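Report on the structure
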Amino acid sequence: MKRDLFLTMERDTGMDMPLRKEVNETPLKGVRSNIVQSIRAFRVQDLQDSASALAHHFLYANLAKAQSKQDVLDLLAQQFMLPAHFGKNFDALYDCMTDPVHKSGPQPGFIVVLEQIPANAKFDKEAREQLLDIFRDTADYWADRKIPFRCFYSFL
């Protein structure tokens with residue numbers, strides 16, 4: 001039985017034996033295992049519950065207070081609990097989320113939420129795309145290793 005399914009038992013009034021019915025426990029059914037996409041119809045709590053049910057790592061960052069690239073990197077370092085040697089640039093962010101984690105042992109999978117990415121003059125469309133490209137590259141890295149990595153984001 002798949003991890004994202006569970007069985008519920010329902011009793012038919014005309015039968016003594018319970019009927020089994022599969023129920024989808026996770027909103028991730030139908031979502032590719034390695035993707036970066038808008039959070040849209042997903043709720044953060046549902047994604048966190050799915051990560052728990054799937055025994056995946058759940059990484060959450062609320063970037064609403066960020067104004068600049070450096071603010072975004074500082075908040076990611078703090079909220080993802082990145083190592084002290086994190087260089088606070090996009091390349092270092094990619095490095096921290098890939099090779100050292102892979103070398104630390106088997107990984108079950110990842111669900112990442114980047115909530116309220118800033119959209120202002122100091123963190124413009126190009127900076128937002130660079131940030132999302134880091135997570136796309138990270139998803140590709142984990143896909144090559146057959147490890148699910150799903151990243152959901154929203155803009156402020």
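Residues numbered from 1 in each chain as written. Predicted model: local features only at pLDDT ≥ 70, side-chain atom pairs only at ≥ 80, totals over all residues. Heavy atoms only, no water.

1. A short note on the sheet that holds strand β3 (residues 34-38)
A sheet is described by the order of its strands in space; here four strands give the open sequence β3-β6-β5-β4, paired in parallel fashion. The sheet is open, and its two edges are formed by β3 and β4 (57-62), each paired on a single side. Direction aside, the axes of adjacent strands within the sheet are offset by 10° on average. As paired elements, β3 and strand β6 (residues 149-155) share five bridges and run parallel to each other. Bridging from a neighbouring strand, Ile35 pairs with Arg150 of β6. Relative to the sheet, helix α2 (residues 69-79) contacts β4 and β5 (110-117), its axis offset from that of β4 by approximately 145°. (Pairing = 2+ DSSP bridges. Helix = DSSP H or I, 4+ residues; strand = E, 2+ residues; numbered from the N terminus. Axes fitted to C-alpha atoms, helices over the stretch in contact; angles between N-to-C directions. Contact = heavy atoms within 4.5 Å.)

2. Quick notes on the packing of aromatic side chains
What describes a pair of aromatic rings is the distance from one ring centre to the other and the angle between the planes of the rings. Within this structure, the stated rule accounts for six aromatic pairs. With centroids separated by 6.4 Å and ring planes inclined at 90°, the aromatic side chains of Tyr94 and Tyr141 adopt a geometry described as edge-to-face. Of this pair, Tyr94 sits in helix α3 (residues 90-96) while Tyr141 sits in helix α5 (residues 125-144), and the two are 47 residues apart along the sequence. With a centroid separation of 5.1 Å and an interplanar angle of 85°, the aromatic rings of Tyr141 and Trp142 are classed as edge-to-face. Trp142 sits in the buried class, given a relative accessible area of 0%. Among the aromatic residues, those joined into a cluster by ring pairs are Tyr94, Phe110, Tyr141, Trp142 and Phe149. Geometry around Phe155 places Arg128 over its ring, the cationic atom sitting 5.4 Å from the centre. The aromatic ring of Tyr141 is capped on one face by Arg145, whose charged end is 3.6 Å from the ring centroid. (Phe/Tyr/Trp six-rings, centres within 6.5 Å; stacked < 30°, edge-to-face > 60°. Buried < 20%, exposed > 50% of the residue type's maximum accessible area, 1.4 Å probe, protein only. Lys NZ or Arg CZ within 6 Å of the ring centre and 35° of its normal.)

3. Things to note about the pattern of salt bridges
All chains considered together, the criterion is met by five salt bridges. For Asp99, the salt bridge goes to Lys103, with nearest N and O atoms at 3.1 Å. Here Asp99 pairs with Lys103, and both are found in helix α4 (residues 99-103), just four residues apart, close to one helical turn. Among the residues examined, Asp99 registers a relative accessible area of 32% and is labelled partly exposed. Overall, Lys103 belongs to the exposed group, its relative accessible area being 63%. If you follow the salt bridges from partner to partner, you end up with Glu129, Asp133 and Arg136 in one network. (Salt bridge = Lys/Arg side-chain N within 4 Å of Asp/Glu carboxyl O.)

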